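# Commentary on secondary and tertiary structure
Here is what each chain is made of, one letter per residue.
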Amino acid sequence: MITRRKFSSLFGLSILGNSLKSCSAGVMTDTTNSFVSGNLVISTWRNPTANQLAFSALKSEDKSLLDAVEVGINTVEDDPKDQSVGYGGRPDKNGEVTLDACIMDSKGNVGSVTYLKEIKHAISVARLVLETTPHVILSGQGAQDFALENGYIKENLLTEKSKLEYDEWAKEMKYEPKANIERHDTIGLLVKDAQGNLSGGCSTSGMAYKLGGRVGDSPIPGAGLFVDNEIGACTATGVGELVLKTCASFLCVEFMRSGLSPQAACEKAIMRIIDKIGAEKQQVGLICCNKKGQIGAYSIMSGFVYSVTDNDSTQILEAYSYSL
Ligand code: ASP
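Residues numbered from 1 in each chain as written. Predicted model: local features only at pLDDT ≥ 70, side-chain atom pairs only at ≥ 80, totals over all residues. Heavy atoms only, no water.

### Digging into the confidence of the model for the chain
Per-residue confidence for the chain gives a mean pLDDT of 89, with 87% of residues at or over 70. Within the model, pLDDT remains below 50 along residues 1-28, and this stretch shows 69 contacts once partners closer than five positions in the same chain are excluded. (pLDDT = per-residue confidence, 0-100. Contact = heavy atoms within 4.5 Å.)

### Things to note about the side chain of Glu70
As for its position among the elements, Glu70 is in helix H3 (residues 65-77). Among residues more than four places away in sequence, those in contact with Glu70 are Ile123, Ser124 and Arg127. (Helix = DSSP H or I, 4+ residues; strand = E, 2+ residues; numbered from the N terminus.)

### Observations concerning the site of the ligand
In the region of the ligand, the neighbouring residues are Asp185, Thr186, Gly206, Met207, Arg214, Gly216, Asp217, Ser218, Thr237, Gly238 and Gly240. Between an oxygen atom of the ligand and a main-chain N or O atom of Gly240, the distance comes to 2.9 Å. (Near = heavy atom within 4 Å. Polar contact = N/O pair within 3.5 Å; in protein donor to acceptor, adjacent residues only side chain to side chain.)

### Some words on the pattern of salt bridges
A side chain with one charge may pair with a side chain of the opposite charge, provided their charged atoms come close. All told, the structure shown has 14 salt bridges when counted by the stated rule. Taking the shortest distance from any N to any O, the salt bridge between Lys161 and Glu165 comes out at 3.2 Å. Of this pair, Lys161 and Glu165 are both found in helix H6 (residues 160-170), four residues apart, which corresponds to roughly one turn of the helix. Lys161 gets classed as partly exposed once you look at its relative accessible area, which sits at 49%. Judged by its relative accessible area of 26%, Glu165 is partly exposed. The residue Asp167 makes a salt bridge to Lys163 at a minimum N-O spacing of 3.0 Å. Here the residue Asp167 and the residue Lys163 both occupy positions in helix H6, the gap between them amounting to four residues, near one helical turn. (Salt bridge = Lys/Arg side-chain N within 4 Å of Asp/Glu carboxyl O. Buried < 20%, exposed > 50% of the residue type's maximum accessible area, 1.4 Å probe, protein only.)

This is how it looks when you write it as structure tokens:
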């Protein structure tokens, strides 16, 4: 069971307490001392349905951890209202929706697709890469050909809403990485079963209006996602370039390996981004968990929420952040 505490308690618990500048007001959650011993699903942003579908799959005897990851993420990829994942995603500079996704299992197997066009379920194609090929990453045309050979169909992923917004943007074509634009960006979803086995996945249409050909952090193992079944799992959302430059998900798992709690590991990985690269007005959010079912979440800017489902409930929680 995840317990809630007022933010003021963080300073006593955070290993990086003196590096925190400020935070938004209100109830936040410190999960440092909470353990979820049974099944657990956590995901970036607000995804109650995705979490619950993944949780049901975890409970089902004939479903695997990867089934849980896939079914959860598919539902967000299907949702046209979510303009940063799958169908309805915002396009690149050329007006094309291009998707990145990655999935990783408890044995350390990884599958990934980058720059995938016209195929809605990028996470499912990434899973096929993992399960049916000797490779880790398929990209662009090759990824699409592979999906089509495996029975996927081409679909127009650009919705009217995303096209109208793009047409407006295209009048000036001023690119600016924007954080928390709709309280949702990449979905990264991590699962843990009652035995402490871990898997995870992430899927995104990437930064809106990015250059054609740009690949973000999400499909790159160790950047947008990393799972080590001996230790823990982490996934990222936000400005992918910052995450790529620091291998932030791998870093966070390595911090847990060195003995830090998931919360402390997330904070330290975010501080690495800030210290090494600087992150003025740019957002990155990390969520992670360890084998014991402790959870961590932290972001550069405020406003990053994440979803946690255990046997008792699904909660949408606001992460602690470095700045307002
Ligand atoms: N991390 C994603 C990317 O850079 C975007 C996001 O999460 O908003 O492609």
